[in-house]
Amino acid sequence: MTSTHQTDQPETSVQSNAWQWIYQVLIWPKRTFQAIAANGRRSWLIAMACLSLVVILLSLVGGPARLRQVQMNQGELPEDFQYWSEAQQNQYFSGQQAVQKPLFIYILPLVASLTKLWIGWFIFGSILHLLMTFKGSRHPQEFYLNLVAWASMPFLLRGLVQIVHILITKNA
């Protein structure tokens, strides 16, 4: 019974350390990456969840600015518009109206950003694992996925700065 209690406590301390790594990786990167490398567990989930949250917030905050930008560009007709047939002109106007729907303003940019984040993280971590395996490393892939996820923390800071900029200037 005491052995189970002792194994539960280090797990909790590793999780609390992982939450502290969010700001420590920006302030003391060498010490933090040494701790991440020594961890040996899946700590990438916390980093990727934080990055995903910032991407979601950025997409939601940037939506009204994207809508304003689409509405401002609506007044400009393309060159040779007067030579288009009436059916082509109607298609153009219906396309302009469709771009103003929430699918194009919020959902598609959000899905594209999250896809870029997660697939980019996985591909970069896998390529790093492959290259380091060629060089003789014996670390598992999750070791490199941890490093890539935590090394992406400056993008969290960049996303927060972009959110503040969009809120202040009301422009994406």
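Below is a summary of the structure that appears in this document.

Rules of the game
Residues numbered from 1 in each chain as written. Predicted model: local features only at pLDDT ≥ 70, side-chain atom pairs only at ≥ 80, totals over all residues. Heavy atoms only, no water. Helix = DSSP H or I, 4+ residues; strand = E, 2+ residues; numbered from the N terminus. Rg over C-alpha atoms; globule rule 2.2 N^0.38 Å. Buried < 20%, exposed > 50% of the residue type's maximum accessible area, 1.4 Å probe, protein only. Contact = heavy atoms within 4.5 Å. Axes fitted to C-alpha atoms, helices over the stretch in contact; angles between N-to-C directions. Left-handed = near helix turned anticlockwise from the far one by under 90°. Nonpolar A, V, L, I, M, F, W, Y, C, P; charged D, E, K, R; others polar. Core = buried A, V, L, I, M, F, W, Y, C linked by side-chain atoms within 4.5 Å. Expected span 1.5 Å × (residues − 1). Bend = angle between axes of the 7 residues up to and from the residue. Phe/Tyr/Trp six-rings, centres within 6.5 Å; stacked < 30°, edge-to-face > 60°.

Turning to the overall build of the chain, a few remarks are in order. The secondary structure content of the chain amounts to seven helices and zero strands. Scanning the chain from its N terminus toward the C terminus, one meets helices and strands in the order α-α-α-α-α-α-α. Compactness check: the chain gives a C-alpha radius of gyration of 23 Å against a globular reference of 16 Å for 172 residues, more than 25% above the reference. Its C-alpha atoms give the chain principal-axis dimensions of about 80 × 40 × 35 Å. Relative to its 172 residues, the chain shows a buried fraction of 26%. Contacts in the chain between residues far apart in sequence, at least 24 positions, make up 71% of those at least 6 positions apart.

Running from N to C, helix α3 (residues 44-73) and helix α6 (residues 141-151) cross one another at 30°; their axes reach a closest spacing of 8 Å. Viewed along their axes, α3 and α6 form a crossing whose handedness is left-handed. Residues Trp44, Ile46, Ala47, Met48 and Leu51 of α3 form the contact with α6, whose participating residues are Leu145, Asn146, Ala149 and Trp150. The class makeup of the residues in the contact of α3 with α6 is eight nonpolar, one polar and no charged.

Time to look at the nonpolar core. Grouped together as the largest cluster of nonpolar side chains are 22 residues, with contacts concentrated most on Ile22, Met48, Trp121, Trp150, Met153 and Leu156. Residue assignment for this core shows that the elements contributing at least two residues are α1 (2-27), α3, α5 (102-134), α6 and α7 (153-169). Tallying contributions element by element places α3 first for this core, with eight residues. Apart from residues no more than four positions distant in its own chain, Trp121 is found in contact with Trp44, Met48, Lys116, Leu145, Val148 and Ala149.

Between its terminal C-alpha atoms α5 stretches 47 Å, which fits the 48 Å expected from 33 residues at 1.5 Å a residue. The largest bend in α5 comes to about 30°, at Leu108, with the proline Pro109 one to four residues further on. Tucked into the core, α5 has its buried residues touching α3 and α6.

For the rest of this paragraph, the subject is the packing of aromatic side chains. According to the stated counting rule, one finds 11 aromatic pairs in the structure shown. Seen from their ring centres, Trp44 and Trp121 are 4.7 Å apart, and the 40° between their planes marks the pair as tilted. Here Trp121 lies in helix α5 and Trp44 lies in helix α3, a separation of 77 residues in the sequence. Here Trp44 matches Trp121 in class, with each residue buried. Note on Trp118 and Trp121: the rings are 5.5 Å apart at their centroids and 85° apart in plane angle, and the pair reads as edge-to-face. Placement of both Trp118 and Trp121 in helix α5 is noted, with a separation of three residues, approximately one turn of the helix. On the basis of relative accessible area, Trp121 is assigned to the buried category, the value being 8%. Taken together, Trp44, Trp118, Trp121 and Phe122 form an aromatic cluster joined through their ring pairs.

Next up on the list: the environment of Leu147. Summarising the element assignment, Leu147 is placed in helix α6. Separated by 109 residues in the primary sequence, Leu147 and Ala38 have C-alpha atoms spaced 11 Å apart. Residues in contact with Leu147, not counting those within four places in the same chain, are Phe33 and Ile36.

The next thing to look at is the side chain of Ser43. Along the chain, the position of Ser43 falls in the loop between α2 (29-39) and α3. Non-local contacts of Ser43, meaning those with residues more than four positions away in its chain, are made with Trp21, Ile36, Asn146 and Trp150.

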